[in-house]
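Secondary and tertiary structure notes
Letter by letter, the chains look like this.
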Amino acid sequence: MPLYRWNPDNLEAVPTTTFEAEQLQERGDLQRLLRDRPEALEEGLFVIAEDFRNWQDSGRSIDLLGLDSEGHLVVIELKRTQTGDHSELQAIRYAAMVSNMTLERIIDAHRDYLRKRDIDDDARDRVLRHLGVEDEADAEIHTDRPRIVLASAGFSKELTTSVMWLGDGGMNISCVKLQLYQSGDGLLLDTSQVIPLPEAADYRVKVREREEGERQQRSIHSQEIIPGGDAFLDAINQVRDDYRPMMNQVFDWAVSLRQENLASLETRKGKLRTTLWIYLPTANVRFVTIWQNKGVGHFGINEGEIRARAPKANSRIAQILGSETYDGNYWSVPDGLLDALTDAYREANGVSVE
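The structure contained in this document is the topic of the report that follows. Predicted, not measured: the structure shown is a model, and the values here were computed from it. (Residues numbered from 1 in each chain as written. Predicted model: local features only at pLDDT ≥ 70, side-chain atom pairs only at ≥ 80, totals over all residues. Heavy atoms only, no water.)

1. A look at a nonpolar patch on the surface
- On the surface, a nonpolar cluster with roughly 430 Å² of combined accessible area is contributed by Tyr-4, Trp-6 and Leu-11.
- Position of Tyr-4 among the secondary structure elements: in strand S1 (residues 4-6).
- Taking the relative accessible area as the measure of exposure, Tyr-4 reaches 45% and is therefore partly exposed. (Patch = residues over 30% accessible without salt bridge, like charges linked within 9 Å, V, L, I, M, F, W, Y side chains within 5 Å. Areas by Shrake-Rupley, 256 points an atom, 1.4 Å probe, with all protein chains shown as cover. Salt bridge = Lys/Arg side-chain N within 4 Å of Asp/Glu carboxyl O. Helix = DSSP H or I, 4+ residues; strand = E, 2+ residues; numbered from the N terminus. Buried < 20%, exposed > 50% of the residue type's maximum accessible area, 1.4 Å probe, protein only.)

Here you go:
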């Protein structure tokens, strides 16, 4: 679909360009930028590793290895060409090679990724935080049939035919088109999923819902998912007295967000811990999560999502917490923090913030 610039009297087509014409490389440019903005490919995508090659007798590597919002392992192959260069064949091979990954191996791979990038952060905490849990026993991942995401400037007919056939056979594989536009002195990147086709979306959603229902039945012994936040009140009553005022304060704040239609709430009850997820109402994204675990209460802030969806509020939150990188768990509520987080939810929902 063409991109147009809105002018008072007309729509002006924004000229397209190519990665080759702009002398952009797959690894040095495309992969480097998308690893830090994986949400450009898919909302809720978390990068575990880059150029992953943890196997013997192969010099090949996965461009990006990730986890989606539901804990599925995702193999991501990037191409700058107009054909995709048989990336589906590469990706299938890679998916088979990582299909036996355990949670511990995923954490090890992410630790190596952080070390190579000189990022001083705890790999285990980052992975578990993405999965929405605190204890590994509560973590749920799906690696036996990894998902595949192919991202390219274009796809040949042979590739798209193969991908649709593989999808019909039960493989979760998608194609994301990468289109560059020239805009003034800079470039714009548009990403759009072209496979699965929109006409097949309802069918695939129903299949995923059925699989999700089966998954929940398998895991019902370890986690119960309850819409709303009322069930979380029991968890607050279980925390130690010194944590209860903070937990009540943050819970009341979450309820106020729901009352303003700025968030939806979901309670998850496990064997050892109970979690309140505070979602944006129109997306499977949460800025804040509240936990009760073995009598201890705390809340977590997802800096990455706030930075991407509420940049104005992000600056204010960073100032209150005294750090540009504030992703993590908290046991107390600094003055002004909840007001700033409210503004983050408002900004992400398109509500004017004074």
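2. A closer look at the packing of helix H8 (residues 244-259) against helix H11 (residues 337-348)
- Here H8 crosses H11 at 25°, and the two axes come no closer than 11 Å. Here H8 is positioned roughly parallel relative to H11, judged by the angle of their axes. When the axes of H8 and H11 are compared, the crossing they make is right-handed. Note on element contacts: H11 touches H8 through Leu-338, Leu-341, Thr-342 and Tyr-345, opposite Gln-249, Trp-253 and Leu-257. (Axes fitted to C-alpha atoms, helices over the stretch in contact; angles between N-to-C directions. Parallel < 35°, antiparallel > 145°, perpendicular 65-115°, else oblique. Left-handed = near helix turned anticlockwise from the far one by under 90°. Contact = heavy atoms within 4.5 Å.)

3. Brief notes about the nonpolar core
- Counting 51 residues, the largest nonpolar core has Leu-41, Ile-48, Val-75 and Leu-150 as the members making the most contacts within it.
- The next biggest cluster of nonpolar side chains, apart from the first, holds 40 residues, and it includes Val-239, Ile-278, Leu-341 and Ala-344. (Core = buried A, V, L, I, M, F, W, Y, C linked by side-chain atoms within 4.5 Å.)

4. Observations regarding the side chain of Thr-267
- Assignment of secondary structure puts Thr-267 in strand S11 (residues 264-270).
- Residue class for Thr-267 comes out buried when judged on its relative accessible area of 0%.
- Side-chain polar atoms of Thr-267 contact the backbone oxygen of Gly-228, separated by 2.8 Å.
- When sequence neighbours within four positions are dropped, the list of residues in contact with Thr-267 reads Glu-224, Ile-225, Ile-226, Gly-228, Gly-229, Ala-231, Phe-232, Thr-274, Thr-275 and Leu-276. (Polar contact = N/O pair within 3.5 Å; in protein donor to acceptor, adjacent residues only side chain to side chain.)

5. Concerning the packing of aromatic side chains
- A full pass over the atoms with the stated rule returns five aromatic pairs.
- Summarising the aromatic geometry, the rings of Trp-277 and Tyr-279 are spaced 5.8 Å apart at their centres and angled 65° between planes, so their arrangement reads as edge-to-face. For the pair Trp-277 and Tyr-279, a shared accessibility class is recorded, and that class is buried.
- Through pairs of rings, three or more aromatic residues link up here, namely Trp-253, Phe-287 and Tyr-345.
- One Lys or Arg, Arg-286, reaches over the ring of Trp-277 and ends 3.8 Å from the middle of that ring. (Phe/Tyr/Trp six-rings, centres within 6.5 Å; stacked < 30°, edge-to-face > 60°. Lys NZ or Arg CZ within 6 Å of the ring centre and 35° of its normal.)

6. Remarks on the pairing of S11
- The pairing of S11 with strand S12 (residues 273-279) spans six bridges and is classified as antiparallel. What sits directly across from Thr-267, in S12, is Leu-276.
- What sits between the antiparallel neighbours S11 and S12 is a turn of two residues. (Pairing = 2+ DSSP bridges.)

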